Amino acid sequence: MTRTKYYQAFAHALTEEMKRDPRVVLMGEDVGQSGGIFAHTKGIYEVIGPERVRDTPIAENGFVSAAVGAAMTGLRPVVEIGFEDFFTACMDPLVNQAAKLRYMLGGQVTIPMVIYTFGGGGLNAGPQHSQSFAPWFAQVPGLKAVMPATPADVLGLTRAAIRDDNPVLLLMSKKLISLSGNVGEADLDAVLPLDRANVVAEGGDCTVVTYGTILHPALKARAKLQEAGVEIEVIDGRCVNPIDFETIAASVARTGRLLVVHEAHLPCGMGAEILARAVETMPETLLCRPRRMGPPFAPSPFAPNLEKAYLPSAEGIAETVSAMIQEPVLRWRAA
Amino acid sequence: MTQNPQSNTRQAADLYRIMVLIRRFELAASERYRNGDMPGFIHLSIGQEACAAGACAALEERDFITSTHRGHGHCLAKGADPKRMMAELFARASGYCKGRGGSMHIADMSRGVLGANGIVGQSMPLAVGAALTAQVTGSGAVALAFFGEGASGAGVAHEAMNMAAIWKLPVIFFCEVNRYAELSPYEVHCPLERISDRAAAYGFPGETVDGEDVFAVHDAVARAATRARAGEGPSLIEAKAFRWHGHYEGDPQGYKTADERASPESFDPVARFERNEASLRGLSETDLENICAAAEAEIAAALEFAEAEAPATHASMLEDIYA
C-alpha cells in the first residue's frame, strides 16, 4: 500500500496504457514536454516520444474532431480539455461526431477515444474555470462519462476508459488534483467498470449519493453524523453516463432515505434523474421525501467567501440528512 | 496523368463514367424525391461532378476521404455502391447506414469513405485525424477533405489547416466552390476571389483550378497527393464550380441570378468533357453512349434494389449506439 496523488495516478495509468498499446496517442494543449498544467502528463513525452504525444494549438473544436477522425481510422486517442469549461468549444465533435458516428454510419466504425478534463470549483477560479457539466453528457447516447473521486479510481477508470471502444469522458476534479489516497498493488493494474457506482461507506439510515469532489465532504458529514448516532451510506456515483441506479436502489431499499449531492446545477441533473427513478420505481421504500443538493442556480463566483457558500459542504449535507431523519414518515407509508 | 495513350484513354473513360454515374444518380434522386418517395432532405451536387470524379481518381484505394452534406458524388467517386447508397436514401435496412443516417451520412469504410457529414466544416478536422493515423502508423495513406466555400469561413477550417501544417500531415483540403453557402452567394460571405490564397497563411501550397475541367482537378489532386505521401505536408486546392440545384431539393433559389436559374447548364463538366476532351483522348461517340447507357442501367438497378428492400428495422433503432 502506497500513498499516491490524484494527478500522479492519472499520469501513471496513462503512461502504462500508452506503453501497452501503440495505438494510444495523447493530444491536447501543453501535454508534451511541459508536462501539463497540473503536472498530470509529466514524463509521458519523454517515455513515449513526440510521434504519439502531440501538443496542439488552442483549438478544441479542431483537435477533438481530429481525434475522432483518428479514432475512426485505427488510433485510440486520449485528448485533454484542460478545464471542463472548455467543453463548450468542442461540443460538435463530441456530441454530433464522436457520439453519433457509429450509429449514423450503420455500425461501420468504432470511436475508441478518451476525453479527459478537470472540472468543478473550489479553487476560486471564477465563472469560466469552475464548472461541472456532467449532466450534459448524461443526455447524449453514444457517450460514456465517469467522475473519479480518489487516486485509486483515477487509476482504474483511466485504464478502463482507454481500453473501452467508445468515446469516454473522464471528468476529473481540479479540487482533488493533489489529493493523496491509498493505492494498493491491485489498484495499480485494476481496470474498473465504467458503469458501476461505488459504495464507499456503509450505513443504514440514509443513502447519500455523490459525484466527483463531493465524495469528500460527504465522508466528513458521515463522521459528524456518526457522533449523533446517525449512520449514512455514502455512494460515490462515479458514472454519469450511464448512471448506476441499480447500486443506488439496492441501498435505498435498505435505508429508505435518499440524498443526491453534486457540483453540477440541479435542474435535470444526476440528482433529478436518480430521484425521478426512485419515485417511479420504488416509492414504497421511501421513508421521507428524497432530496437533492447542489450549488444555487448562479454561475460559480470568484470571491472565496462566495464560492465557499456556493459549493455543497459537509455541514450542509449533515444538516440535510438530520432534517430527513427527523421528518415524519411519509403519509403513504403510514396509511 | 500518364503519357501512354491507351491508359490515357482508359483513364478518361473512367473519369467520364464516374461523372455520368454521379449525374444519373442525382437526377434520379431528384426525381424520386420530388415524387415523395424519399423522406427527409437531400442536397445535390449536379454541376460539380468533375470535382468528385477528378479528385477521387487521383487517390488510391487505401486513401481516405471525408465529405459534406452534399456528398453523393464524393462517395460514388471513391467507389461506394450506388445500390446501397440509394437504399439509404430510401431509408432501407440494407442502406449503408441501415436507414439510420440518410443522404447526409453515407459512408463506406471499405472504400475509405469516412462519411458524408451534416455539420458544415467538420470534414476538415476529421480528415486531419485520418491523416494523423496515417502519419503515426506510417501507412502511406493520404486523407482528402471535401468542403465548400461555406465551410471555409468556419473557425474549424482554420483550426484544421493550422494543425495539419504544424504536423505536416498527409492531407488535402479540397474546397469545392459552388458559388453559394447554403442560400448566400459567394460574395456575401467570402472577401477573397480565391480561397486558395489562404494556404499561404499556413505555409503550404494553394491552387485554384477550373472545376468544370475534370483533368485539371485530377492533376492538381495528384500533385497534392504526391507531396503528401512524400511527407511534405498538406495542400489546399480550390475548384471553382457551380451548383445547378438549390441548397436542398425544393429550395426556391431566389438568391440566384436570373441567368443562373435559366441556364445552369452553361457550367457543365460532363458536356465539356464530351465537347472538348473525348475525341482528343480517343473516345468515340459510341464509347460515350455506351458509358452513358451503362450508367443509366446501373442507376435503374440501384433504384429497383432500393425500392424492393425492406424498410429500416425497429430493432436497428437501438443497435450500434455503443461498441
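Everything numeric in this text was worked out from a predicted model, so none of it was measured.

Visitor: I'd love a proper account of the pairing of strand 7 (residues 167–173) of chain A, names of residues and values included.
Guide: Residues and elements named next belong to chain A. When you tally the buried positions in strand 7, you get seven out of seven residues, the bulk of the element. A two-sided burial pattern is seen for strand 7, the buried positions comprising Pro167, Leu169, Leu171 and Ser173 on one face and Val168, Leu170 and Met172 on the other. Inspection of the sheet shows strand 5 (residues 113–119) paired to strand 7 by seven bridges, in the parallel sense. Note that in strand 7 the partner of tyrosine 116 across the bridge is leucine 170. For strand 6 (residues 144–146) and strand 7, the ladder comprises three bridges, and the chain directions are parallel. Within strand 7, the residue paired with valine 146 across the bridge is leucine 170.

Visitor: Requested: an account of the packing of helix 1 (residues 5–34) of chain B against helix 2 (residues 49–57) of chain B, with residues and values cited.
Guide: Residue and element names in this part refer to chain B. Where helix 1 meets helix 2, the closest approach of the two axes is 9 Å, and the angle between their N-to-C directions is 135°. The orientation of helix 1 with respect to helix 2, classified from their angle, is oblique. Helix 2 is crossed by helix 1, and the crossing has right-handed handedness. For the pair helix 1 and helix 2, the contacting residues are Asp14, Leu15, Ile18, Met19, Ile22 and Arg23 in the first and Glu49, Ala50, Ala52, Ala53, Gly54 and Ala57 in the second. Of the residues that constitute the contact of helix 1 with helix 2, the class distribution is eight nonpolar, one polar and three charged.

Visitor: Could you give me a rundown of the sheet that holds strand 7 (residues 235–240) of chain B, with the residues and numbers involved?
Guide: Two pairing modes exist for strands in a sheet, parallel and antiparallel, and in both the strands are linked by backbone hydrogen bonds. All names here are of chain B. On the basis of which strands lie adjacent, the open sheet formed by five strands has the order 1-2-3-7-6 and parallel pairing. Of all the strands in the sheet, the pair left with one neighbour each is strand 1 (64–66) and strand 6 (206–210). Each neighbouring strand pair of the sheet contributes to a mean axis angle of 20°, computed without reference to strand direction. As judged from the six bridges shared by strand 2 (residues 143–148) and strand 3 (residues 171–177), these two strands associate in the parallel manner. Looking at strand 3, one finds that glycine 148 is bridged to glutamate 176.

Visitor: Help me get a handle on the pairing of strand 2 (residues 24–28) of chain A, residues and values and all.
Guide: Residues in a regular strand project their side chains so that they alternate between the two faces of the sheet. All names here are of chain A. Counting buried residues along strand 2, five of its five residues qualify, which places the element largely inside the surrounding structure. Of the two faces of strand 2, the one lined by Val24, Leu26 and Gly28 and the one lined by Val25 and Met27 are each fully buried. In terms of strand pairing, strand 2 meets strand 4 (residues 76–83) through four bridges, oriented parallel. Following the sheet pairing, methionine 27 is matched in strand 4 by valine 79. Bridging between strand 2 and strand 3 (residues 53–55) involves three bridges; their strand directions are parallel. When the sheet's bridge partners are listed, glycine 28 is paired in strand 3 with aspartate 55.

Conventions we followed
Residues numbered from 1 in each chain as written. Chains lettered and ligands numbered in written order. Predicted model: local features only at pLDDT ≥ 70, side-chain atom pairs only at ≥ 80, totals over all residues. Buried ≥ 20, exposed ≤ 12 C-beta atoms within 10 Å, placed from the backbone. Helix = DSSP H or I, 4+ residues; strand = E, 2+ residues; numbered from the N terminus. Pairing = 2+ DSSP bridges. Axes fitted to C-alpha atoms, helices over the stretch in contact; angles between N-to-C directions. Parallel < 35°, antiparallel > 145°, perpendicular 65-115°, else oblique. Left-handed = near helix turned anticlockwise from the far one by under 90°. Contact = placed C-beta atoms within 7 Å. Nonpolar A, V, L, I, M, F, W, Y, C, P; charged D, E, K, R; others polar.

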